Amino acid sequence: MHNKTDLEAKYGCATIDGFKQKMRKVKNRIWTGDATLNIGRDAPLPIPNSPLANESSWTVKHDRTVIWLARWKDQISNKNKYVTLGAGTKLKGESDKCKYNKAMELKV
């Protein structure tokens with residue numbers, strides 16, 4: 001059994017444009033067939049850490065207009081859940097700055 005620190009060290013970061021970025025939260029296990037990954041065209045597929053899954057079962061997108069890295073439909077609420085970057089990351093900061101600037105334009 002892995003402790004929370006081990007899991008966060010292994011799964012709690014993503015490399016975006018060459019920079020290691022911390023993700024907001026480590027989630028419970030999601031099976032590869034249930035998730036959609038949003039990764040770069042040249043990025044390698046993550047290797048599932050379960051003998052019951054394989055790399056070919058991922059659904060993959062290459063959408064640079066969104067900030068989520070993975071999504072899946074929650075079994076209980078039937079809503080989409082997302083893996084996103086933490087608030088202190090470069091990409092998230094740029095996104096928030098754009099929203100702030102747009103809000104300022106609309107206020108005028």
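Small disclaimer: the values here were computed from a predicted structure and weren't measured.

Asks: Explain the overall build of the chain here, please?
Replies: When helices and strands are tallied, the chain shows 2 helices and 6 strands. Reading the chain from its N end, one meets helices and strands in the order α-β-β-β-β-β-β-α. Of all 108 residues assigned to the chain, the portion counted as buried reaches 23%. Summarising the internal contacts of the chain: among those between residues at least 6 apart in sequence, 42% fall at separations of at least 24. For the chain, the computed accessible surface area is about 8700 Å², with 54% contributed by carbon and sulfur atoms.

Asks: I would appreciate a short explanation of the environment of Lys92 in the present structure.
Replies: Within the fold, Lys92 resides in helix α2 (residues 90–107). The spacing of Lys92 and Gln21 is 71 residues in sequence and 9.9 Å in space, taken between C-alpha atoms.

About the cut-offs
Residues numbered from 1 in each chain as written. Predicted model: local features only at pLDDT ≥ 70, side-chain atom pairs only at ≥ 80, totals over all residues. Heavy atoms only, no water. Helix = DSSP H or I, 4+ residues; strand = E, 2+ residues; numbered from the N terminus. Buried < 20%, exposed > 50% of the residue type's maximum accessible area, 1.4 Å probe, protein only. Contact = heavy atoms within 4.5 Å. Areas by Shrake-Rupley, 256 points an atom, 1.4 Å probe, with all protein chains shown as cover.

Shape descriptors only; they carry no functional weight alone.
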